[in-house]
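# Descriptive structure summary
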Amino acid sequence: MADYLESVEQYPVRSQVKPGDILQQITRQPPEKGEPFSELFEDFKRIILPGMTHWQHPRFFAYFSANSSPPSILAEILTTTLAAQCMLWETSPAANELETRMLEWLRQLIDLPEAFTGSIQDSASSATLCALIAARERATQGQAARTGLHGHPPLTIYTSAEAHSSVEKGARIAGFGADQVRKVTVTGTGAMDPQALTQALNTDREAGLLPACVVASLGATGLGSIDPLREIGAITAEQKVFLHVDAAWAGSALILPEQRVMLGGIEFADSFVFNPHKWLFTNFDCSAFYLKNPDELVNALAIMPAYLESAAGEQMPEYRDWGVPLGRRFRALKLWFVLRSYGAERLQTMIRNHIDWAAALADNVAAHPDFELVSGPTLALIAFQLNPRGLTGPQLDIVNEELLRRINDDGRTYLTKTRAHGRTVIRLAVGQTYTEQRHVHEAWSTVTAIAAELLAPGEL
Ligand code: PLP
(Lines give C-alpha, C1' and ligand atoms only; values in the text may rest on other atoms or scores of the structure.)
Protein backbone atom coordinates (compact mmCIF):
# COMPACT_ATOMS: atom_id res chain seq x y z
CA MET A 1 0.00 0.00 0.00
CA ALA A 2 2.81 2.39 0.89
CA ASP A 3 4.65 1.48 -2.32
CA TYR A 4 1.52 2.17 -4.33
CA LEU A 5 1.05 5.60 -2.82
CA GLU A 6 4.70 6.44 -3.42
CA SER A 7 4.62 5.35 -7.04
CA VAL A 8 1.05 6.22 -8.03
CA GLU A 9 2.29 8.95 -10.37
CA GLN A 10 3.78 6.34 -12.71
CA TYR A 11 0.36 4.95 -13.68
CA PRO A 12 -1.92 6.36 -16.37
CA VAL A 13 -4.57 8.24 -14.41
CA ARG A 14 -7.55 6.75 -16.19
CA SER A 15 -7.38 3.03 -16.69
CA GLN A 16 -6.46 2.21 -20.27
CA VAL A 17 -8.23 -1.17 -20.41
CA LYS A 18 -11.12 -1.86 -22.76
CA PRO A 19 -14.53 -3.16 -21.67
CA GLY A 20 -14.27 -6.91 -21.02
CA ASP A 21 -10.46 -6.96 -20.61
CA ILE A 22 -10.64 -7.77 -16.91
CA LEU A 23 -13.48 -10.28 -17.18
CA GLN A 24 -11.42 -12.22 -19.71
CA GLN A 25 -8.63 -12.67 -17.18
CA ILE A 26 -10.77 -13.99 -14.34
CA THR A 27 -11.61 -17.69 -14.51
CA ARG A 28 -15.24 -18.48 -15.15
CA GLN A 29 -15.39 -21.01 -12.31
CA PRO A 30 -14.60 -20.36 -8.64
CA PRO A 31 -11.51 -22.22 -7.32
CA GLU A 32 -11.94 -25.66 -5.74
CA LYS A 33 -8.90 -25.29 -3.54
CA GLY A 34 -7.40 -22.32 -1.73
CA GLU A 35 -4.43 -20.54 -3.32
CA PRO A 36 -1.36 -18.98 -1.69
CA PHE A 37 -1.69 -15.29 -0.96
CA SER A 38 1.49 -14.58 -2.97
CA GLU A 39 -0.28 -15.76 -6.15
CA LEU A 40 -3.32 -13.70 -5.37
CA PHE A 41 -1.20 -10.65 -4.81
CA GLU A 42 0.69 -11.17 -8.08
CA ASP A 43 -2.65 -11.31 -9.87
CA PHE A 44 -3.79 -8.20 -8.04
CA LYS A 45 -0.78 -6.38 -9.49
CA ARG A 46 -1.06 -7.98 -12.93
CA ILE A 47 -4.82 -7.85 -13.51
CA ILE A 48 -6.39 -5.41 -11.08
CA LEU A 49 -3.97 -2.47 -10.96
CA PRO A 50 -4.03 -1.85 -14.73
CA GLY A 51 -7.82 -2.05 -14.51
CA MET A 52 -8.03 0.75 -11.98
CA THR A 53 -8.51 4.45 -12.58
CA HIS A 54 -6.21 6.06 -10.05
CA TRP A 55 -8.27 8.43 -7.95
CA GLN A 56 -5.32 9.09 -5.66
CA HIS A 57 -3.11 10.15 -8.56
CA PRO A 58 -1.95 13.76 -8.14
CA ARG A 59 -3.02 14.56 -11.71
CA PHE A 60 -6.58 13.33 -11.17
CA PHE A 61 -8.73 16.37 -11.97
CA ALA A 62 -11.89 14.61 -13.19
CA TYR A 63 -15.42 14.70 -11.64
CA PHE A 64 -14.83 15.83 -8.06
CA SER A 65 -12.00 14.14 -6.21
CA ALA A 66 -12.70 11.33 -3.76
CA ASN A 67 -9.57 12.09 -1.85
CA SER A 68 -7.98 10.17 0.97
CA SER A 69 -5.01 10.47 3.31
CA PRO A 70 -2.64 8.25 5.32
CA PRO A 71 -4.48 8.71 8.66
CA SER A 72 -7.76 7.92 6.95
CA ILE A 73 -6.33 4.78 5.34
CA LEU A 74 -4.95 3.58 8.68
CA ALA A 75 -8.34 4.14 10.30
CA GLU A 76 -9.99 2.16 7.50
CA ILE A 77 -7.58 -0.73 8.08
CA LEU A 78 -8.48 -0.72 11.77
CA THR A 79 -12.18 -0.47 10.93
CA THR A 80 -12.02 -3.44 8.61
CA THR A 81 -9.98 -5.39 11.16
CA LEU A 82 -12.51 -4.76 13.91
CA ALA A 83 -15.16 -5.51 11.27
CA ALA A 84 -17.92 -4.41 13.58
CA GLN A 85 -21.50 -4.08 12.47
CA CYS A 86 -22.46 -0.85 14.17
CA MET A 87 -26.23 -0.96 13.78
CA LEU A 88 -27.03 -0.27 17.45
CA TRP A 89 -25.25 1.55 20.27
CA GLU A 90 -24.91 -1.83 21.98
CA THR A 91 -23.24 -3.47 18.98
CA SER A 92 -20.46 -0.84 19.02
CA PRO A 93 -20.73 1.87 21.66
CA ALA A 94 -17.51 3.58 20.56
CA ALA A 95 -18.68 3.80 16.95
CA ASN A 96 -21.97 5.32 18.02
CA GLU A 97 -20.53 7.89 20.40
CA LEU A 98 -17.55 8.80 18.22
CA GLU A 99 -20.00 9.42 15.36
CA THR A 100 -21.97 11.82 17.55
CA ARG A 101 -18.85 13.72 18.54
CA MET A 102 -17.30 13.79 15.05
CA LEU A 103 -20.45 15.25 13.56
CA GLU A 104 -20.31 17.93 16.25
CA TRP A 105 -16.68 18.62 15.36
CA LEU A 106 -17.50 18.85 11.67
CA ARG A 107 -20.45 21.12 12.38
CA GLN A 108 -18.16 23.51 14.24
CA LEU A 109 -15.44 23.30 11.61
CA ILE A 110 -17.79 24.37 8.82
CA ASP A 111 -19.68 26.83 11.03
CA LEU A 112 -23.07 25.18 10.70
CA PRO A 113 -25.52 26.45 13.34
CA GLU A 114 -25.80 24.45 16.57
CA ALA A 115 -29.41 23.64 15.74
CA PHE A 116 -28.20 20.92 13.34
CA THR A 117 -27.62 17.34 14.48
CA GLY A 118 -25.60 15.04 12.26
CA SER A 119 -25.12 11.40 11.32
CA ILE A 120 -22.87 9.68 8.80
CA GLN A 121 -24.41 8.32 5.62
CA ASP A 122 -22.74 6.33 2.87
CA SER A 123 -23.37 8.99 0.24
CA ALA A 124 -24.91 12.37 -0.45
CA SER A 125 -27.48 10.52 -2.56
CA SER A 126 -28.67 8.60 0.51
CA ALA A 127 -28.68 11.78 2.59
CA THR A 128 -30.77 13.62 0.01
CA LEU A 129 -33.16 10.68 -0.13
CA CYS A 130 -33.53 10.92 3.66
CA ALA A 131 -34.11 14.67 3.44
CA LEU A 132 -36.85 14.05 0.88
CA ILE A 133 -38.44 11.46 3.16
CA ALA A 134 -38.39 13.95 6.06
CA ALA A 135 -39.90 16.62 3.79
CA ARG A 136 -42.57 14.19 2.61
CA GLU A 137 -43.50 13.40 6.20
CA ARG A 138 -43.72 17.06 7.12
CA ALA A 139 -45.94 17.83 4.13
CA THR A 140 -48.27 14.95 5.02
CA GLN A 141 -48.19 15.44 8.81
CA GLY A 142 -46.35 12.18 9.26
CA GLN A 143 -48.90 10.12 7.35
CA ALA A 144 -47.04 9.16 4.17
CA ALA A 145 -44.82 6.58 5.93
CA ARG A 146 -47.94 4.91 7.26
CA THR A 147 -50.66 5.20 4.65
CA GLY A 148 -48.65 6.10 1.53
CA LEU A 149 -49.21 9.10 -0.69
CA HIS A 150 -52.69 8.07 -1.74
CA GLY A 151 -55.26 10.66 -0.67
CA HIS A 152 -52.80 13.57 -0.63
CA PRO A 153 -52.42 16.17 -3.36
CA PRO A 154 -49.39 15.34 -5.55
CA LEU A 155 -46.24 16.43 -3.70
CA THR A 156 -43.68 18.50 -5.60
CA ILE A 157 -39.93 19.16 -5.25
CA TYR A 158 -37.97 22.16 -6.53
CA THR A 159 -34.32 22.18 -7.41
CA SER A 160 -32.21 23.95 -10.00
CA ALA A 161 -31.59 22.75 -13.52
CA GLU A 162 -27.92 22.35 -12.44
CA ALA A 163 -28.68 20.18 -9.37
CA HIS A 164 -27.21 16.70 -9.05
CA SER A 165 -29.18 13.76 -10.41
CA SER A 166 -29.45 12.33 -6.87
CA VAL A 167 -32.35 14.73 -6.24
CA GLU A 168 -34.42 13.16 -8.97
CA LYS A 169 -33.34 9.67 -7.96
CA GLY A 170 -34.39 10.39 -4.37
CA ALA A 171 -37.73 11.69 -5.63
CA ARG A 172 -38.31 8.44 -7.52
CA ILE A 173 -37.45 6.30 -4.50
CA ALA A 174 -39.35 8.38 -1.92
CA GLY A 175 -42.52 8.11 -3.99
CA PHE A 176 -42.76 11.68 -5.30
CA GLY A 177 -42.12 10.55 -8.89
CA ALA A 178 -39.57 12.04 -11.26
CA ASP A 179 -42.20 14.20 -12.99
CA GLN A 180 -42.90 16.00 -9.72
CA VAL A 181 -39.37 17.44 -9.64
CA ARG A 182 -39.34 21.01 -10.95
CA LYS A 183 -35.99 22.01 -12.45
CA VAL A 184 -36.06 25.72 -11.68
CA THR A 185 -34.29 27.90 -14.23
CA VAL A 186 -30.86 29.26 -13.44
CA THR A 187 -29.20 32.60 -13.95
CA GLY A 188 -26.03 33.12 -16.03
CA THR A 189 -23.80 31.66 -13.30
CA GLY A 190 -25.87 28.49 -13.10
CA ALA A 191 -27.43 29.45 -9.75
CA MET A 192 -31.13 28.94 -9.05
CA ASP A 193 -33.22 31.98 -9.93
CA PRO A 194 -35.27 32.80 -6.79
CA GLN A 195 -37.95 34.57 -8.79
CA ALA A 196 -38.42 31.52 -10.96
CA LEU A 197 -38.64 29.43 -7.78
CA THR A 198 -41.42 31.61 -6.36
CA GLN A 199 -43.24 31.43 -9.66
CA ALA A 200 -42.97 27.63 -9.83
CA LEU A 201 -44.20 27.26 -6.24
CA ASN A 202 -47.16 29.59 -6.85
CA THR A 203 -48.12 27.94 -10.12
CA ASP A 204 -48.16 24.51 -8.48
CA ARG A 205 -50.14 25.68 -5.47
CA GLU A 206 -52.74 27.26 -7.73
CA ALA A 207 -52.96 23.94 -9.59
CA GLY A 208 -53.74 22.15 -6.30
CA LEU A 209 -50.32 20.52 -5.85
CA LEU A 210 -48.47 20.38 -2.54
CA PRO A 211 -44.91 21.81 -2.63
CA ALA A 212 -42.93 19.70 -0.14
CA CYS A 213 -39.24 20.42 -0.59
CA VAL A 214 -36.71 22.76 -2.14
CA VAL A 215 -33.20 21.38 -2.68
CA ALA A 216 -30.59 24.12 -2.98
CA SER A 217 -27.09 23.36 -4.23
CA LEU A 218 -23.91 24.84 -2.86
CA GLY A 219 -21.45 23.75 -5.54
CA ALA A 220 -23.53 21.96 -8.17
CA THR A 221 -21.70 19.24 -10.01
CA GLY A 222 -21.37 20.62 -13.54
CA LEU A 223 -19.91 24.07 -12.94
CA GLY A 224 -19.93 24.34 -9.15
CA SER A 225 -22.79 26.84 -9.15
CA ILE A 226 -23.85 28.19 -5.79
CA ASP A 227 -27.54 28.84 -5.23
CA PRO A 228 -28.47 32.02 -3.32
CA LEU A 229 -29.34 30.38 -0.05
CA ARG A 230 -30.56 33.48 1.77
CA GLU A 231 -33.09 34.37 -0.90
CA ILE A 232 -34.21 30.77 -1.33
CA GLY A 233 -34.47 30.36 2.45
CA ALA A 234 -36.66 33.43 2.77
CA ILE A 235 -39.01 31.91 0.19
CA THR A 236 -39.15 28.46 1.81
CA ALA A 237 -39.71 30.04 5.24
CA GLU A 238 -42.57 32.13 3.93
CA GLN A 239 -44.12 29.24 2.02
CA LYS A 240 -43.44 26.73 4.83
CA VAL A 241 -41.57 24.34 2.57
CA PHE A 242 -38.74 22.04 3.73
CA LEU A 243 -35.30 23.26 2.60
CA HIS A 244 -32.48 20.78 2.00
CA VAL A 245 -28.98 21.97 1.07
CA ASP A 246 -26.71 19.79 -1.06
CA ALA A 247 -23.11 20.90 -0.49
CA ALA A 248 -21.65 17.47 -1.29
CA TRP A 249 -18.44 18.89 -2.75
CA ALA A 250 -18.31 22.55 -1.66
CA GLY A 251 -19.15 21.84 1.98
CA SER A 252 -15.52 20.97 2.79
CA ALA A 253 -14.46 24.46 1.67
CA LEU A 254 -16.60 25.87 4.47
CA ILE A 255 -13.74 25.15 6.86
CA LEU A 256 -12.30 28.32 5.32
CA PRO A 257 -13.81 31.42 6.95
CA GLU A 258 -13.45 33.35 3.68
CA GLN A 259 -15.75 30.87 1.89
CA ARG A 260 -18.59 31.05 4.39
CA VAL A 261 -20.50 33.77 2.57
CA MET A 262 -22.21 30.98 0.66
CA LEU A 263 -23.62 29.73 3.96
CA GLY A 264 -25.56 32.96 4.55
CA GLY A 265 -29.21 31.97 5.04
CA ILE A 266 -28.37 28.47 6.37
CA GLU A 267 -30.59 29.24 9.37
CA PHE A 268 -33.55 28.72 7.02
CA ALA A 269 -32.45 25.20 6.06
CA ASP A 270 -33.91 22.02 7.53
CA SER A 271 -31.14 19.71 6.38
CA PHE A 272 -27.64 19.88 4.95
CA VAL A 273 -25.25 17.34 3.46
CA PHE A 274 -21.58 17.41 2.55
CA ASN A 275 -19.08 14.69 1.73
CA PRO A 276 -15.83 14.56 3.69
CA HIS A 277 -15.12 11.73 1.23
CA LYS A 278 -14.89 14.24 -1.59
CA TRP A 279 -12.59 16.97 -0.39
CA LEU A 280 -11.78 16.47 3.30
CA PHE A 281 -9.07 13.80 2.96
CA THR A 282 -11.35 11.08 4.31
CA ASN A 283 -11.72 7.83 2.40
CA PHE A 284 -14.88 7.07 0.48
CA ASP A 285 -17.45 6.55 1.92
CA CYS A 286 -18.27 9.23 4.45
CA SER A 287 -21.10 11.68 3.98
CA ALA A 288 -22.09 14.08 6.78
CA PHE A 289 -25.85 14.58 6.95
CA TYR A 290 -27.40 17.17 9.25
CA LEU A 291 -31.01 17.67 10.24
CA LYS A 292 -32.62 20.30 12.41
CA ASN A 293 -35.33 17.93 13.47
CA PRO A 294 -34.16 14.31 13.15
CA ASP A 295 -37.47 13.11 14.65
CA GLU A 296 -39.27 13.78 11.37
CA LEU A 297 -37.03 11.24 9.66
CA VAL A 298 -36.72 8.83 12.58
CA ASN A 299 -40.51 8.69 13.07
CA ALA A 300 -40.85 7.74 9.41
CA LEU A 301 -38.18 5.01 9.50
CA ALA A 302 -38.21 3.55 13.03
CA ILE A 303 -39.44 -0.04 13.28
CA MET A 304 -38.79 -1.98 16.46
CA PRO A 305 -38.75 -5.76 16.09
CA ALA A 306 -37.88 -7.66 19.29
CA TYR A 307 -34.44 -8.64 17.98
CA LEU A 308 -33.41 -4.97 17.78
CA GLU A 309 -34.68 -3.87 21.17
CA SER A 310 -31.97 -2.23 23.22
CA ALA A 311 -32.12 -0.23 26.43
CA ALA A 312 -29.52 2.29 25.23
CA GLY A 313 -31.88 3.68 22.59
CA GLU A 314 -33.53 5.76 25.28
CA GLN A 315 -30.30 7.62 26.03
CA MET A 316 -28.31 7.58 22.80
CA PRO A 317 -29.35 8.17 19.19
CA GLU A 318 -29.82 4.85 17.42
CA TYR A 319 -28.51 5.80 14.00
CA ARG A 320 -30.03 2.74 12.31
CA ASP A 321 -33.23 4.79 12.01
CA TRP A 322 -31.48 7.81 10.50
CA GLY A 323 -31.07 6.16 7.11
CA VAL A 324 -31.98 3.24 4.88
CA PRO A 325 -29.66 0.35 5.88
CA LEU A 326 -29.86 -1.30 9.26
CA GLY A 327 -26.20 -2.32 9.26
CA ARG A 328 -23.65 0.45 9.62
CA ARG A 329 -19.88 0.67 9.08
CA PHE A 330 -17.63 2.33 11.65
CA ARG A 331 -17.00 5.42 9.55
CA ALA A 332 -16.40 7.91 12.34
CA LEU A 333 -12.96 6.48 13.10
CA LYS A 334 -11.41 7.81 9.89
CA LEU A 335 -12.85 11.26 10.56
CA TRP A 336 -11.33 11.22 14.04
CA PHE A 337 -7.94 10.20 12.67
CA VAL A 338 -8.04 12.82 9.90
CA LEU A 339 -9.24 15.70 12.04
CA ARG A 340 -6.74 14.97 14.82
CA SER A 341 -3.79 14.26 12.53
CA TYR A 342 -4.13 17.43 10.49
CA GLY A 343 -6.02 19.82 12.74
CA ALA A 344 -8.18 22.57 11.31
CA GLU A 345 -5.23 24.73 10.29
CA ARG A 346 -3.55 22.17 8.07
CA LEU A 347 -6.86 21.16 6.47
CA GLN A 348 -7.52 24.81 5.75
CA THR A 349 -4.11 25.23 4.15
CA MET A 350 -4.59 22.20 1.91
CA ILE A 351 -8.01 23.28 0.66
CA ARG A 352 -6.92 26.90 0.30
CA ASN A 353 -4.02 25.73 -1.87
CA HIS A 354 -6.39 23.85 -4.16
CA ILE A 355 -8.51 26.96 -4.56
CA ASP A 356 -5.49 29.18 -5.21
CA TRP A 357 -4.03 26.79 -7.78
CA ALA A 358 -7.36 26.60 -9.64
CA ALA A 359 -7.46 30.42 -9.71
CA ALA A 360 -3.93 30.59 -11.12
CA LEU A 361 -4.84 28.02 -13.75
CA ALA A 362 -7.97 29.97 -14.67
CA ASP A 363 -5.69 32.94 -15.48
CA ASN A 364 -3.57 30.76 -17.76
CA VAL A 365 -6.63 29.41 -19.56
CA ALA A 366 -8.08 32.88 -20.00
CA ALA A 367 -4.76 34.13 -21.40
CA HIS A 368 -4.45 31.34 -23.99
CA PRO A 369 -5.49 32.44 -27.49
CA ASP A 370 -7.08 29.09 -28.43
CA PHE A 371 -9.00 28.52 -25.18
CA GLU A 372 -11.95 30.15 -23.53
CA LEU A 373 -12.49 30.06 -19.78
CA VAL A 374 -16.22 29.28 -19.72
CA SER A 375 -16.76 29.14 -15.99
CA GLY A 376 -14.92 29.66 -12.73
CA PRO A 377 -12.86 29.50 -10.83
CA THR A 378 -15.64 28.41 -8.49
CA LEU A 379 -13.74 27.26 -5.44
CA ALA A 380 -11.30 24.78 -7.05
CA LEU A 381 -13.28 24.08 -10.23
CA ILE A 382 -12.90 25.62 -13.65
CA ALA A 383 -14.51 24.80 -17.00
CA PHE A 384 -13.00 25.68 -20.34
CA GLN A 385 -13.37 25.07 -24.02
CA LEU A 386 -10.88 24.78 -26.84
CA ASN A 387 -12.23 27.56 -28.96
CA PRO A 388 -9.93 28.37 -31.89
CA ARG A 389 -10.88 31.04 -34.36
CA GLY A 390 -13.04 29.90 -37.24
CA LEU A 391 -14.97 27.12 -35.50
CA THR A 392 -18.54 27.46 -34.29
CA GLY A 393 -21.36 25.63 -32.50
CA PRO A 394 -21.53 21.89 -33.18
CA GLN A 395 -18.00 21.87 -34.64
CA LEU A 396 -16.68 23.13 -31.31
CA ASP A 397 -18.50 20.38 -29.46
CA ILE A 398 -16.94 17.75 -31.70
CA VAL A 399 -13.47 19.24 -31.28
CA ASN A 400 -13.78 19.38 -27.51
CA GLU A 401 -15.10 15.83 -27.27
CA GLU A 402 -12.13 14.73 -29.34
CA LEU A 403 -9.69 16.77 -27.25
CA LEU A 404 -11.03 15.19 -24.06
CA ARG A 405 -10.84 11.71 -25.56
CA ARG A 406 -7.20 12.24 -26.53
CA ILE A 407 -6.29 13.71 -23.13
CA ASN A 408 -7.76 10.78 -21.25
CA ASP A 409 -6.30 8.19 -23.63
CA ASP A 410 -2.91 9.84 -23.14
CA GLY A 411 -3.07 9.02 -19.41
CA ARG A 412 -0.98 11.85 -17.97
CA THR A 413 -4.05 13.51 -16.57
CA TYR A 414 -7.78 12.81 -16.34
CA LEU A 415 -10.53 15.37 -16.96
CA THR A 416 -14.28 15.15 -17.50
CA LYS A 417 -16.86 17.24 -19.32
CA THR A 418 -20.19 18.91 -18.77
CA ARG A 419 -22.64 21.02 -20.78
CA ALA A 420 -22.66 24.76 -20.17
CA HIS A 421 -24.86 27.22 -22.04
CA GLY A 422 -25.59 24.46 -24.57
CA ARG A 423 -21.90 23.73 -25.25
CA THR A 424 -19.57 20.87 -24.37
CA VAL A 425 -16.97 22.14 -21.92
CA ILE A 426 -14.10 20.45 -20.12
CA ARG A 427 -14.02 20.59 -16.32
CA LEU A 428 -10.93 20.58 -14.17
CA ALA A 429 -11.40 20.21 -10.41
CA VAL A 430 -8.37 20.44 -8.11
CA GLY A 431 -8.79 18.48 -4.89
CA GLN A 432 -6.58 15.43 -4.77
CA THR A 433 -4.53 15.10 -1.57
CA TYR A 434 -1.16 14.57 -3.24
CA THR A 435 -1.59 17.25 -5.90
CA GLU A 436 1.02 19.99 -5.87
CA GLN A 437 0.87 23.09 -8.01
CA ARG A 438 3.36 21.52 -10.43
CA HIS A 439 0.80 18.80 -11.18
CA VAL A 440 -1.75 21.45 -12.16
CA HIS A 441 0.85 23.02 -14.46
CA GLU A 442 1.70 19.60 -15.91
CA ALA A 443 -1.96 18.89 -16.61
CA TRP A 444 -2.37 22.21 -18.38
CA SER A 445 0.79 21.60 -20.45
CA THR A 446 -0.64 18.23 -21.46
CA VAL A 447 -3.94 19.84 -22.46
CA THR A 448 -2.29 22.56 -24.52
CA ALA A 449 0.14 20.14 -26.19
CA ILE A 450 -2.64 17.76 -27.20
CA ALA A 451 -4.77 20.69 -28.36
CA ALA A 452 -1.90 21.91 -30.56
CA GLU A 453 -1.66 18.45 -32.17
CA LEU A 454 -5.40 18.43 -32.70
CA LEU A 455 -5.32 21.84 -34.37
CA ALA A 456 -2.42 20.91 -36.64
CA PRO A 457 -3.31 21.06 -40.36
CA GLY A 458 -4.98 17.88 -41.57
CA GLU A 459 -6.01 16.67 -38.11
CA LEU A 460 -9.59 17.93 -38.02
N1 PLP B 1 -24.45 16.24 -4.98
C2 PLP B 1 -23.44 16.81 -5.65
C3 PLP B 1 -23.41 18.30 -5.81
C4 PLP B 1 -22.44 16.02 -6.22
O5 PLP B 1 -21.45 16.59 -6.92
C6 PLP B 1 -22.49 14.63 -6.06
C7 PLP B 1 -21.45 13.76 -6.64
O8 PLP B 1 -20.50 14.18 -7.24
C9 PLP B 1 -23.55 14.08 -5.33
C10 PLP B 1 -24.51 14.91 -4.81
C11 PLP B 1 -23.66 12.61 -5.12
O12 PLP B 1 -22.70 12.21 -4.21
P13 PLP B 1 -22.64 10.70 -3.68
O14 PLP B 1 -21.76 9.97 -4.64
O15 PLP B 1 -22.04 10.82 -2.31
O16 PLP B 1 -24.03 10.17 -3.66
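Residues numbered from 1 in each chain as written. Predicted model: local features only at pLDDT ≥ 70, side-chain atom pairs only at ≥ 80, totals over all residues.

In the nomenclature of an unreviewed UniProt entry, the protein chain corresponds to Aminotransferase class V-fold PLP-dependent enzyme from the organism Exilibacterium tricleocarpae. Per UniProt, the protein chain carries the Cofactor (unreviewed entry) text "pyridoxal 5'-phosphate". The Sequence similarities (unreviewed entry) field of the UniProt record for the protein chain holds the comment "Belongs to the group II decarboxylase family." (UniProt positions renumbered as here; feature names shortened; annotations may be inferred.)

Our next topic: the site of the ligand. Neighbouring the ligand are 15 residues, the closest being Ser123, Ala124, Ser125, His164 and Ala248. Each residue belonging to the shell around the ligand can be placed in one class, and the counts come to 5 nonpolar, 9 polar and 1 charged. (Near = placed C-beta within 6 Å. Nonpolar A, V, L, I, M, F, W, Y, C, P; charged D, E, K, R; others polar.)

Moving on, we get to unusual backbone geometry. Of note, the amide linkage connecting Phe284 to Asp285 takes the cis form, showing an omega dihedral of 10°. Here Asp285 lies in the loop between helix 11 (276–279) and strand 7 (287–291). In the segment running from Gly376 into Pro377, the intervening peptide bond is cis, with an omega of 5°. One non-glycine residue, Tyr63, adopts positive backbone phi at about 40°. Owing to 16 C-beta atoms within 10 Å, Tyr63 belongs among the partly exposed residues under this scheme. (Helix = DSSP H or I, 4+ residues; strand = E, 2+ residues; numbered from the N terminus. Buried ≥ 20, exposed ≤ 12 C-beta atoms within 10 Å, placed from the backbone.)

We now examine the domain arrangement of the protein chain. Domain annotation of the protein chain identifies domain 1 (1–68 + 345–460) and domain 2 (85–329). For domain 1 and domain 2, the distance between their C-alpha centres works out to 30 Å. Every contact between the two is made by 19 residues of domain 1 and, on the other side, 17 residues of domain 2. Among the elements that take part in the side of domain 1 that touches domain 2, helix 13 (residues 332–367) stands out by supplying 4 residues, more than any other. The residue inventory of the side of domain 1 that touches domain 2, partitioned by class, reads 8 nonpolar, 10 polar and 1 charged. (Domains from an automatic or database assignment. Contact = placed C-beta atoms within 7 Å.)

Another point: the nonpolar core. Ranked by internal contacts, the top residues of the largest apolar core, which has 124 residues, are Leu132, Ile157 and Ile382. Sorting elements by how many residues they give to this core places helix 13 first, with 14 residues. Domain assignment of the residues forming this core places at least three in each of domain 1 (1–68 + 345–460) and domain 2 (85–329). (Core = buried A, V, L, I, M, F, W, Y, C linked by C-beta atoms within 7 Å.)

This part covers the sheet that holds strand 10 (residues 416–420). Strand order in the open sheet made by the 4 strands is 8-9-11-10, with antiparallel pairing throughout. The sheet is open, and its two edges are formed by strand 8 (371–378) and strand 10, each paired on a single side. On average, each strand axis in the sheet is tilted by 35° relative to the strand beside it, whichever way the strands run. Looking at chain direction, strand 9 (residues 381–386) and strand 11 (residues 423–429) are connected through 4 bridges and run antiparallel. Note on strand 11: the bridge partner recorded for Phe384 is Ile426. (Pairing = 2+ DSSP bridges. Axes fitted to C-alpha atoms, helices over the stretch in contact; angles between N-to-C directions.)

So, on to the packing of helix 6 (residues 124–139) against helix 8 (residues 165–173). The contact between helix 6 and helix 8 brings their axes to 9 Å, and the two run at 50°. With respect to their mutual orientation, helix 6 and helix 8 come out oblique. Here helix 6 and helix 8 pass one another in a crossing that is right-handed. Contact residues: Ala124, Ser125, Thr128, Leu129 and Leu132 in helix 6; Ser166, Val167, Lys169, Gly170, Ala171 and Ile173 in helix 8. (Parallel < 35°, antiparallel > 145°, perpendicular 65-115°, else oblique. Left-handed = near helix turned anticlockwise from the far one by under 90°.)

Let us look at the environment of Gly376. Topologically, Gly376 is positioned in strand 8. For Gly376, a count of 22 C-beta atoms within 10 Å translates into the label buried. Measuring from C-alpha to C-alpha, the distance between Gly376 and Phe274 comes to 21 Å, with 102 residues separating the pair along the chain. Apart from residues lying up to four places away in sequence, Gly376 is in contact with Gly224, Ala362, Leu381, Ile382 and Ala383.

Right, let's get into helix 13. For helix 13, built from 36 residues, the straight-helix expectation of 52 Å at 1.5 Å per residue is missed by more than 12%, its first-to-last C-alpha distance being only 44 Å. In helix 13, a bend of some 85° at Gly343 exceeds every other bend along the element. (Expected span 1.5 Å × (residues − 1). Bend = angle between axes of the 7 residues up to and from the residue.)

In space, the 7 strands of this open sheet follow the order 1-7-6-5-4-2-3, with mixed pairing throughout. Whereas interior strands pair on both sides, the edge strands pair on one side only; in this sheet they are strand 1 (117–121) and strand 3 (181–184). Ignoring strand direction, the axes of neighbouring strands in this sheet form an average angle of 20°. With 4 bridges connecting them, strand 6 (residues 271–274) and strand 7 associate as antiparallel partners. By the bridge assignment for strand 7, Phe274 is matched with Ala288. Relative to strand 1, helix 5 (residues 93–109) is tilted by about 110°, and along the sheet it contacts strand 1 and strand 7. Along the sheet, helix 10 (residues 229–239) contacts strand 4 (210–217) and strand 5 (242–246); its crossing angle with strand 4, the most-contacted strand, is approximately 165°.

Walk down a regular strand and you will see the side chains alternate between the two sheet faces. Across the 6 residues that make up strand 2 (residues 155–160), a large majority, 6, are buried. Going residue by residue along strand 2, you find Leu155, Ile157 and Thr159 tucked away on one face and Thr156, Tyr158 and Ser160 tucked away on the opposite face as well. Inspection of the sheet shows strand 2 paired to strand 4 by 5 bridges, in the parallel sense. Looking at strand 4, one finds that Thr159 is bridged to Val215. Note that strand 2 and strand 3 share 4 bridges and pair parallel.

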